[in-house]
Amino acid sequence: MLHDLSLTELAGLLAAGKVSSVELTRHFLARIDRLNPGLNALITLEPSAALAAAAAADLARGSGKNSPLLGIPLIHKDIFCTAGVRTSCGSRMLDNFISPYDATVVERLKAAGAVMLGKANMDEFAMGSSNETSYYGPVKNPWDTSKVPGGSSGGSAAATAARLAPFATGTDTGGSIRQPAALTGITGMKPTYGRVSRYGMIAFASSLDQAGVFARSAADAALVLQAMAGFDPKDSTSVDVPVPNYAAALDAPLKGLKIGLLEEFFDGLDPRNAALIDAALAVFRAQGAETRRVSLPHLPLSVPTYYVVAPAECSSNLSRFDGVRFGHRCADPKDLLDLYKRSRGEGFGAEVKRRIMTGTYVLSAGYFDAYYLKAQKARQLITDEFRAAFAEVDLVIGPTTPTPAFALGAKIDDPVTMYLNDIYTIGANLAGLPAISVPCGFIDDLPMGLQLIGPHFAEERILGAAHQYQLATTWHRQSPRGYE
Amino acid sequence: MATTDWEVVIGLEIHAQLATKSKIFSGAATAYGAPPNSQASLVDLAYPGVLPVLNAEAVRMAVKFGLSIDARIARRSIFARKNYFYPDLPKGYQISQYEDPVVGKGSISIVLEDGSVKTIGITRAHLEEDAGKSLHEGLAHASGIDLNRAGTPLLEIVSEPDLRSAKEAVAYMKKIHTLVRYLEICDGNMQEGSFRCDANVSVRPRGREKFGTRAEIKNLNSFRFVEKAIHFEVARQIDRIESGGTVVQETRLYDSDKGETRSMRSKEEANDYRYFPDPDLLPLVIDEAFIETVRASLPELPDEKAARFARDFGLSVYDAGVLSASRELGAFFEAVVAAAGAAHAKLAANWVMGELSSALNRDNLDIDASRVSAAALAGLLARIVDATISGKIAKEVFEAMWSGGSSADEVIAAQGLRQITDSGAIEAVIDAVMAANPKQLADYRAGKDKLFGFFVGQVMKATEGKANPAQLNDLLKAKLGAP
């Protein structure tokens, strides 16, 4: 079936003229029609625009153009601004917001010929680990619809896992690509901070946010990242480092690769989870990689550090949603203060408000030093420890999440338990490091992820190692029942 | 009870709008007076997802200013967010610099009324963006927002509390005004708000070290308002203390119609701005090479020019200061001197500061639009120097040049204003005047020496003012004999 083919295979069929982009697009649109109602993964569908873009891609191909993503359908997380299309960020605040411009990521993928089918559900303003904070309702996990898909990019992950598109975009601030990728059994890549432009990606925590990709394999992710990555003069934090050829790096042998096992990741790890990681390590060792233990003593401070830094930045980033220029405005404001209070009070959900309040608190006079400054120091320590570790090893490997997907509603009323879900993923965001999650087995019939973290701009090495692992395993080929 | 001798303490925060073509963090134009919101890009409107990109030209201008006040240029400075809600602040925060400004401690000197020179410390100068404007008039039940100004680059120049009177404050502000225009980093237009200040004012009994509680007067956009607002505020504070009250720390507004300041918000009502480094912008790193490039581009500064005028042309400190108050005026003066000869620089200075300046003021013209060019003025001075006309006649000639656009020589020829320097001709007139006024002659000779002026006047009248005054004086004395 077309939807079960990899991006690489689909690109081959398109290039050989065995299938047209219009046919491919129709195929996926039909699957979305049939399967999305049970998942709630997409919240905006753009069938006519998609078919027009597909026809244009076919025409371009007819006139000699060729590129790996030309005519390939995709789904954008609804955090990316798309010109003329609603960009809600999962919030009532932006339910009526039609973006007048394209995010750089959207623009680049469009330029590469990819065809947008629609936009994916997400936790409101990317704040959440279960996709339950969305104004548009929770996304269901295709492996078990009573379970969450993870978050905040839950819609993108569920859609990719359910084969509603060959790939999807996501963003990762504290694990929002890797955690849902792990919980839905797909591959999710968060590049180095600054590798992909943040322009047009609605900001949650600017110093942590990074755009990335969901695909069904590291090889597919490499093709997508190729089109997304690169310096953007419109984003001062994007880095002007040349983009290597990711696909060409996939075949690098693992022999001699030094893999670090983070002691802090294995303390108190569920034995079933540990067994999956051990099995994965055996695969790497079998190919000649070496493993050794490394320790990052301050890594356990990741979660508290993150929950100071991220809310602080979000409390400021979300100030622009004030009911004045765009987005939700309350009815009949009686004065300016009333306009602000009710527009924001009605427009934002509980988790967003919680983080705005936390962030406002940690930045306020008298608390700034005790919270924000201290968190920055902890962040620096964690970054330094990662740097020291990467002087010893090429990659570090560990679990992506502590547990498989949990039940819808199980943690939504207990924010601290929910926040601990990101315990293994946050470190890479604090240090700005590239990381990937690849499927590595199942617990209770639910998929689990293996996380590979590398030094800054080591995307090639990470994708290569993940690809070699996927050549030797079949976990990433598993399809949720009913979505084969 | 003797009244306390109060000492006034003032510090100014000057906001100079930098003369960049585009905004500090977006590509939108900064031109003044465009239709509302026609110069507001998505970045200025703070649309979801947009990001700021620093305008390098604004940085260059800030460094230029820093070098001109001998300040340390920070090799690494940080942009911070100042968070507060207001409709004309679209992001809900202003991007400014807080703990690490681009320009550190420097100083500038001002000339006081008694001619002495005082050095005023400048604490820092930092880059920030301006807010938009709220328009509360002309709309029923609504306020309008114009974001054209939002994101315009500002250099905020913060002085030490070194100023001791309203006059010193004005002198300092004028000095900074001169400097930023010299550097061509600000157009200095105060009506349009390109150059404005907040004044921190307090009083303390003379001799006490501890500062009094200060009030901050916001948004003063003329030198006159600065002076008046400070006068009012000082009197208000002294009156309050002397009548048993205390000054409260607060922000006040100056009402130029009523000539008074009034409370805007107290310290308790002040916002907690929650400053933190802006994660969308990298630290601003400035290297030595950049600083040296900017240094090489610095023009001759006002103090340097004034010193040169005093040294090379023998001008007084005051005159040298006036003539170097703007680059354009200094250039005009130098052009006159170049044509007239350095030996006549003082004469040139008197004419530029005198007749020329009053004519410009009268017609409300800038020096660049002067109707008498530097070369033409030098032509007029040459006729004074060679005694073709007297200084008095020269003023008439100047007026004719100003309104008619002709050269001095053309005016002199056309109106027959050439001075009479022929002794015989002057003597003939003197003889005629003496003959016509026998009584005055007798009185003069009898000792009424004040009548000398009468005879000068009669001769000048008869010659239509064209007799050479010095010659006339000598000849008349000889003819009249001793009084």
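The rules we used
- Residue numbers here run from 1 along each chain, matching the order of that chain's written sequence.
- Key to labels: chains lettered from A, ligands numbered from 1, both in the order written.
- Selection of residues for local features in this predicted model requires a pLDDT of at least 70, selection of side-chain atom pairs for listing and counting requires 80 or more, and totals for whole chains, interfaces and linings are taken over all residues.
- Elements are defined by DSSP. Helices are runs of H or I of four residues or more, strands are runs of E of two residues or more, and each kind is numbered from the N terminus.
- Radius of gyration means the value over C-alpha atoms here, while the globule rule gives 2.2 Å times the residue count to the 0.38 power.
- Neighbour counting defines burial: a residue surrounded by 20 or more other C-beta atoms within 10 Å of its own C-beta is buried, one with 12 or fewer is exposed, and intermediate counts give partly exposed, using backbone-placed C-beta atoms.
- Here contacts are defined at the residue level, using C-beta atoms placed from the backbone and a cut-off of 7 Å between them.
- Should DSSP find at least two bridges between two strands, the strands are regarded as paired.
- Here an axis means a line fitted to C-alpha atoms, over the contact stretch when the element is a helix, while the angle between two N-to-C directions is reported on a 0 to 180 degree scale.
- Our angle categories are set so that under 35 degrees counts as roughly parallel, over 145 as roughly antiparallel, 65 to 115 as roughly perpendicular, and the remainder as oblique.
- Crossings are classed by handedness, with left-handed meaning an anticlockwise turn of the near helix from the far one by less than a right angle and right-handed meaning a clockwise turn.
- Ten residue types, Ala, Val, Leu, Ile, Met, Phe, Trp, Tyr, Cys and Pro, are classed as nonpolar, four, Asp, Glu, Lys and Arg, as charged, and the remainder, Gly among them, as polar.
- Segmentation of the chain into domains, including their bounds, is taken from an automatic or database domain assignment.
- A set of buried Ala, Val, Leu, Ile, Met, Phe, Trp, Tyr and Cys residues, joined to one another through C-beta atoms within 7 Å, is what we call a nonpolar core.
- The predictor attaches a confidence to each residue, called pLDDT, with possible values from 0 through 100.
- Between the first and last residue of a helix there are one fewer steps than residues, each counted as 1.5 Å, and that sum is the expected span.
- Taken from the helix axis, the directions to the C-beta atoms give the arc we talk about.

Engineer: Pulling in residues and values, what's your account of the overall build of chain B?
Structural biologist: If you tally the helices and strands in chain B, you get 15 helices and 15 strands. Computed over C-alpha atoms, the radius of gyration of chain B comes to 30 Å, more than 25% over the 23 Å expected from 2.2 N^0.38 for 483 residues, which places it beyond the range of a compact globule. Relative to its full complement of 483 residues, chain B shows a buried share of 40%. A fraction of 68% describes how many contacts in chain B between residues 6 or more apart in sequence connect residues 24 or more apart.

Engineer: Could you give an account of the overall build of chain A, naming the residues involved and the relevant values?
Structural biologist: Summing up its helical and strand segments, chain A has 17 helices and eleven strands in all. Relative to a compact globule of 484 residues, whose C-alpha radius of gyration would be 23 Å, chain A shows 21 Å and is just as compact. Based on the C-alpha atoms only, the size of chain A along its principal axes is roughly 65 × 55 × 45 Å. When the 484 residues of chain A are sorted by exposure, 61% land in the buried category. Considering only contacts within chain A whose residues lie at least 6 apart along the sequence, 76% involve residues at least 24 apart.

Engineer: Break down the sheet that holds strand β6 (residues 210-215) of chain A for me, with residues and values.
Structural biologist: Residue and element names in this part refer to chain A. Ordered in space as β1-β3-β2-β4-β6-β5-β10-β11-β9-β7-β8, the eleven strands form an open sheet in which the pairing is mixed. At either end of the open sheet lies a strand with only one pairing partner, and these are β1 (42-45) and β8 (290-294). Ignoring which end each strand starts from, the neighbouring axes of this sheet average 30° apart. With three bridges joining them, strand β5 (residues 187-190) and strand β10 (residues 435-443) adopt antiparallel strand pairing. Its bridge partner lying in β10, M189 is registered against I436.

Engineer: A description of the packing of helix α14 (residues 452-462) of chain B against helix α15 (residues 469-480) of chain B should follow, citing residues and the corresponding values.
Structural biologist: Residues and elements named next belong to chain B. Where α14 meets α15, the closest approach of the two axes is 11 Å, and the angle between their N-to-C directions is 120°. Our classification of the angle between α14 and α15 gives oblique. Like other packed secondary-structure pairs, α14 and α15 cross with a definite hand, here right-handed. Between α14 and α15, the contacting residues are F455, V456 and V459 on the first element and L472, L476 and L480 on the second. For the contact of α14 with α15, the class distribution of residues is six nonpolar, no polar and no charged.

Engineer: So what about the packing of helix α2 (residues 166-182) of chain B against helix α3 (residues 223-242) of chain B? Which residues, and what values?
Structural biologist: Residue and element names in this part refer to chain B. It is the contact of α2 with α3, at a shortest axis distance of 9 Å, that shows an interaxial angle of 155°. The orientation of α2 with respect to α3, classified from their angle, is roughly antiparallel. Crossing of α2 over α3 shows right-handed handedness. Where α2 approaches α3, its residues A166, A169, V170, M173 and K174 are matched on the opposing element by F223, V226, E227, I230 and H231. A per-class count over the contact of α2 with α3 returns seven nonpolar, one polar and two charged.

Engineer: If you had to explain the environment of T184 of chain A to someone new, which residues and values would you point to?
Structural biologist: Residue and element names in this part refer to chain A. By the secondary structure assignment, T184 is in the loop between α6 (178-183) and β5. Note on T184: 32 C-beta atoms within 10 Å, which makes it buried. Discounting residues that sit within four places of it in the chain, T184 has contacts with N141, P142, W143, P149, G150, A157, A158, A161 and P447.

Engineer: Give me the interface of chain A and chain B: which residues, what numbers.
Structural biologist: Counting from both sides, the interface comprises 35 residues of chain A and, opposite them, 25 residues of chain B. For the side of chain A that touches chain B, the elements supplying multiple residues, two or more each, are α11 (302-317), α12 (336-347) and α13 (350-363) of chain A. In terms of residue count, α11 of chain A provides more of the side of chain A that touches chain B than any other element does, three residues in total. Split into classes, the residues belonging to the side of chain A that touches chain B amount to 18 nonpolar, ten polar and seven charged.

Engineer: Pulling in residues and values, what's your account of the pairing of strand β13 (residues 260-266) of chain B?
Structural biologist: Residues and elements named next belong to chain B. Alignment of strand β12 (residues 250-255) against β13, held across six bridges, turns out to be antiparallel. Across the sheet, L253 pairs through a bridge with R262, a residue of β13. From the end of β12 to the start of β13, which pair antiparallel, there are four residues, and G259 there has a positive phi angle of about 70°.

Engineer: Quick rundown of the sheet that holds strand β14 (residues 276-277) of chain B? Include the residues and the values.
Structural biologist: The strands that make up a sheet pair up through hydrogen bonds in the backbone, lying either parallel or antiparallel. All names here are of chain B. Read across the sheet, three strands follow the order β4-β3-β14 without closing on themselves; strand pairing throughout is antiparallel. Each end of this open sheet is capped by a strand with a single partner; those strands are β4 (93-96) and β14. Where strand β3 (residues 80-83) meets β14, two bridges bridge the pair, whose relative direction is antiparallel. Directly across from A80, in β14, lies its bridge partner P277.

Engineer: How would you sum up the domain arrangement of chain B? Please name residues and give values.
Structural biologist: When cut into domains, chain B gives domain 1 (6-294), domain 2 (300-415) and domain 3 (423-480). Computed over C-alpha atoms only, the centres of domain 1 of chain B and domain 3 of chain B are separated by 65 Å.

Engineer: Let's hear about the nonpolar core: which residues, and what values?
Structural biologist: Soluble, globular proteins show a tendency: their nonpolar side chains are buried together. With 228 residues, the main nonpolar core has L74 of chain A together with A62, A169 and A199 of chain B as its most contacted residues. Each residue touching A199 of chain B, except ones within four places of it in the same chain, is listed here: I10, L12, A169, I217, L220, V226, A229 and I230 of chain B.

Engineer: Describe the environment of R81 of chain B, and please don't skip the residues or the numbers.
Structural biologist: Following the sequence through the fold, R81 of chain B ends up in strand β3. Assessed through the 25 C-beta atoms surrounding it within 10 Å, R81 of chain B is described here as buried. In this structure, R81 of chain B is in contact with S316 of chain A together with Y93, I95, Y275, F276 and D278 of chain B, ignoring residues within four places of it in sequence.

Engineer: Lay out unusual backbone geometry with the relevant residues and their values.
Structural biologist: All names here are of chain A. Here G151 and S152 are connected by a cis peptide whose omega angle stands at 10°. In this structure, F457 is a non-glycine residue whose phi angle is positive, near 65°. One can find F457 in the loop between β11 (446-453) and α17 (459-472).

Engineer: Before we move on, could you go through the confidence of the model for chain B and cite the residues and values that matter?
Structural biologist: Predicted coordinates in areas of low pLDDT are best not read in detail. For chain B, per-residue confidence averages 92 on the pLDDT scale, and 99% of positions sit at 70 or higher. Prediction confidence for the complex, expressed as pTM and ipTM, is 0.91 and 0.96 respectively.

Engineer: Provide a residue-level description of helix α10 (residues 391-404) of chain B, including the pertinent values.
Structural biologist: All names here are of chain B. Between its terminal C-alpha atoms α10 stretches 20 Å, which fits the 20 Å expected from 14 residues at 1.5 Å a residue. The complete set of buried residues in α10 reads I393, A394, V397, F398 and M401. Seen from one end, α10 has its buried residues packed into an arc of 150°, which puts them on one side. The exposed residues of α10 that point more than 90 degrees off its buried face are K392 and S403. Tucked inside the fold, the buried residues of α10 contact α8 (345-363), α9 (374-385) and α11 (408-415). Two residues or fewer past α10, G405 is found with a positive phi of approximately 80°.

Engineer: Requested: an account of the pairing of strand β4 (residues 167-172) of chain A, with residues and values cited.
Structural biologist: All names here are of chain A. Of all six residues making up β4, six are buried, and the element is well covered by its neighbours. Both strand β2 (residues 73-77) and β4 contribute to a ladder of two bridges, which runs parallel. In the sheet register, L74 faces β4, and the bridge partner there is F167. Bridge analysis of β4 against β6 gives five bridges, and the strand direction is antiparallel. The residue bridging A168 from the neighbouring strand is F214, located in β6.

Engineer: Give a detailed account of the environment of D102 of chain A, specifying residues and quantitative values.
Structural biologist: All names here are of chain A. The residue D102 is located in the loop between β2 and α4 (104-111) in this model. Once the C-alpha coordinates of D102 and V362 are considered, the two residues, 260 residues apart in sequence, prove to be 33 Å apart. Beyond its immediate chain neighbours, meaning those up to four positions away, D102 contacts C81, T82, A83, E107, K110 and G200.

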